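# A look at the structure
Here are the chains, one letter per residue:
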Amino acid sequence: MKDLQSDPNDAALEAIRRLCRAIIHDINNPLGAVSGYLQLSGMRLDKLRSGDLSVTESLVDYHEKTQGALDRIIALVQRLDRFSKLKLEPPCKVELRQLWSSLIAARGPEEQSRIQLTCPETLTVRTLRSCLEQISFELLDNALWATQPGGGVEVELSAADSNRIVIEVRDTGPGMEAERLEKAYLPCYITREGRGFPKEGLLLGLGLPIVYQLTAALGGKFTLSSTPGEGCRAPV
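Here the residue numbers are simple positions, counted from 1 along each chain's written sequence. Predicted model: local features are reported for residues with pLDDT of at least 70 only, side-chain atom pairs are reported and counted for 80 or more only, and whole-chain, interface and lining totals are derived from all residues. Water and hydrogen atoms play no part in the side-chain values, which are based on all heavy atoms of the structure.

## What about the overall build of the chain?
Put simply, the test is: Helix numbers and strand numbers start at the N terminus; a helix is a DSSP run of H or I with at least 4 residues, a strand a run of E with at least 2. Each residue gets one of three labels from its accessible area relative to the maximum for its type: buried under 20%, exposed over 50%, partly exposed in between, using a 1.4 Å probe on protein chains only. Note on definitions: a residue-residue contact is assigned when non-hydrogen atoms from the two residues lie within 4.5 Å. Only the protein chains shown count as cover for residues, and all accessible areas are computed by the Shrake-Rupley method using a 1.4 Å probe.
Summing up its helical and strand segments, the chain has seven helices and seven strands in all. In sequence order, the secondary structure elements of the chain are arranged as α-α-β-α-α-β-β-α-β-β-α-α-β-β. By residue count, 44% of the 236 residues in the chain fall in the buried class. If you take every contact in the chain between residues at least 6 apart in sequence, the share linking residues at least 24 apart comes to 72%. Carbon and sulfur atoms form 53% of the exposed surface of the chain, whose accessible area is close to 12,300 Å².

## Notes on the sheet that holds strand β7 (residues 232-235)
Rules: Strands pair, by our definition, only if DSSP identifies at least two bridges between them. Only the stretch in contact is used when fitting a helix axis, every axis being a line fitted to C-alpha atoms; angles between N-to-C directions are given from 0 to 180 degrees.
In space, the five strands of this open sheet follow the order β2-β4-β5-β7-β6, with mixed pairing throughout. Unpaired on one side and paired on the other, β2 (115-118) and β6 (225-226) mark the two borders of the sheet. Note: β6 against β7, two bridges, orientation antiparallel. Across the sheet, the residue bridging to S225 is R233, located in β7. In the packing of helix α3 (residues 96-105) onto the sheet, the strands contacted are β2, β4 (153-161) and β5 (164-171), and the crossing angle to β2 comes to about 170°.

## Notes on the nonpolar core
To keep it simple, the criterion reads: Throughout this description, the term nonpolar core refers to a set of buried Ala, Val, Leu, Ile, Met, Phe, Trp, Tyr and Cys residues connected via side-chain atoms within 4.5 Å.
Among the nonpolar cores identified, the biggest contains 37 residues, and W100, L139 and I167 are the most heavily contacted of them. Those elements that provide at least two residues to this core are α3, α5 (129-146), β4, β5, α7 (207-217) and β7. The biggest single contributor to this core is α5, with eight residues. When residues no more than four places from it in sequence are discounted, the contact partners of L139 are I167, V169, V211, F222, A234 and V236.

These figures come from the coordinates and say nothing about function on their own.
Okay, structure coming up:
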């Protein structure tokens, strides 16, 4: 990530617009599902009222699918709420260790115990603080979700040269195969398994696309590498 000398607000706003367009499309999908399942439920309810008890099982199935679609919408809106609060202020000097220490301190005790931070006390960068904080939050959140209790997350920050810094987050999660890794930058594609998530697609995968778009807007580059069974490595 580069030390910014000019105002990057236009690029950051365009990154936000691109994500919002994709997200609006993905919100419409579960809304259509909710509408369809409610119509089917209404038809089954008419039969139930007439005494046909054979439709009970299908009603339960429609209820569960409707609830799943609504859960996806609610989770998506909650994540968007945080994203919408980004403040595009002029670039300023950001102390990296202080920023990351604050993010870690906001996590619960169990998650804090799994995070190892390596960052020079004097490491700084001139950039949009709110965007850098959002990038850092998403990287940390994604890594913690990928690791089960007992697993670890390593965060290493360093100076690449006089005007660039590197943030690298490594986790000990299950990793991803090449096919899923290619889709990890797509809005609303879920890369997580377990902990209430299906194999893919039910809730949302906004974290990595946000990192990708905002990093590019700040003049940086985000790459993700992973080997199944060996976790993920996410340098910015």
